[in-house]
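Structural overview
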Amino acid sequence: LALAMAAAASATTTNAARAASDAGDWSSPGLASSGPAAKYVKTPSGLVYEDVNEGIGEPARAGDVAVFEYVMRRANGYFIYGTVDCGIGCGNGDPFEAKLGPDGNLIAGLDELLTGMKPGAKRKALIKADLGYKDDPKLSRFAPRPPEFGQQRQIIRLSANDEPMVFEVKLVKTRANSR
């Protein structure tokens, strides 16, 4: 009996050590990364982002129309909306299109994030409320806007409470503005 208890204690210790080493980071429990640590960039405006993939080609500039896919989340990782087709509460798989720069209607943080990206590039960003929807409490001026009331309500509450949002963005392509 004592031998069995010692073996069980040893197995538990080994399993706990293995679980701790395989835990990954807080955002992806159980998915340890063997790659280099993430490198975050903080811009003067307060936008914080990580380049996941660099992309190739000409970088997006103010005045261009950006065609991009995105996923919008609360800072705690809770899903709000995305253009990707993933089932209930998601888009239909069609990318979003918006003009970049001061003449466009994107939230400031997303405009800043997309400007300078190359087609195929992916970024994850933490966008604080001041660079998000804070100045648009009815979601009438800035894009992107989720289509459903519940999703819009979440954004309104986040902005009212000065909570940041997480955007995961992939720039599909850019084109010159034809208007």
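A few points on the structure.

A closer look at helix 3 (residues 149-160)
Counted at 1.5 Å a residue, the expected span for helix 3 with its 12 residues is 16 Å, and the 16 Å between its end C-alpha atoms agrees. Residues of helix 3 that are buried: Gln 151, Ile 155, Leu 158 and Ser 159. For helix 3, the angular spread of the buried residues around the axis is 100°, confining them to a single face. Pointing more than 90 degrees away from the buried face of helix 3 are the exposed residues Phe 149 and Ala 160. Of the surrounding secondary structure, the elements contacted by the buried residues of helix 3 are strand 3 (64-74), strand 4 (79-82) and strand 7 (165-176). Residue Asp 162 follows helix 3 closely and has a positive phi angle near 60°.

What about the nonpolar core?
Counting 29 residues, the largest nonpolar core has Phe 68, Leu 110, Leu 114 and Phe 167 as its most contacted members. Secondary structure elements with two or more residues in this core: strand 3, strand 4, helix 2 (108-114), strand 6 (122-127), helix 3 and strand 7. Not counting the four nearest positions on each side in its chain, Leu 114 is found in contact with Ala 60, Ala 66, Phe 68, Leu 100, Leu 106, Val 169 and Leu 171.

Description of the pattern of salt bridges
With the rule as written, the count across this model stands at six salt bridges. Notably, a salt bridge pairs Arg 74 with Glu 163, separated by 3.2 Å at the nearest N-O pair. Here Glu 163 lies in the loop between helix 3 and strand 7 and Arg 74 lies in strand 3, a separation of 89 residues in the sequence. You can call Glu 163 partly exposed: its relative accessible area is 28%. Across the pair Asp 162 and Lys 134 runs a salt bridge whose closest N-O atoms are separated by 2.4 Å. Of this pair, Asp 162 sits in the loop between helix 3 and strand 7 while Lys 134 is found in the loop between strand 6 and helix 3, placing the two residues 28 residues apart along the sequence. Classification of Asp 162 as partly exposed rests on a relative accessible area of 46%. For Lys 134, a relative accessible area of 32% translates into the label partly exposed.

The rules we used
- Residues numbered from 1 in each chain as written.
- Predicted model: local features only at pLDDT ≥ 70, side-chain atom pairs only at ≥ 80, totals over all residues.
- Heavy atoms only, no water.
- Helix = DSSP H or I, 4+ residues; strand = E, 2+ residues; numbered from the N terminus.
- Expected span 1.5 Å × (residues − 1).
- Buried < 20%, exposed > 50% of the residue type's maximum accessible area, 1.4 Å probe, protein only.
- Arc of directions from axis to C-beta.
- Contact = heavy atoms within 4.5 Å.
- Core = buried A, V, L, I, M, F, W, Y, C linked by side-chain atoms within 4.5 Å.
- Salt bridge = Lys/Arg side-chain N within 4 Å of Asp/Glu carboxyl O.

These figures come from the coordinates and say nothing about function on their own.
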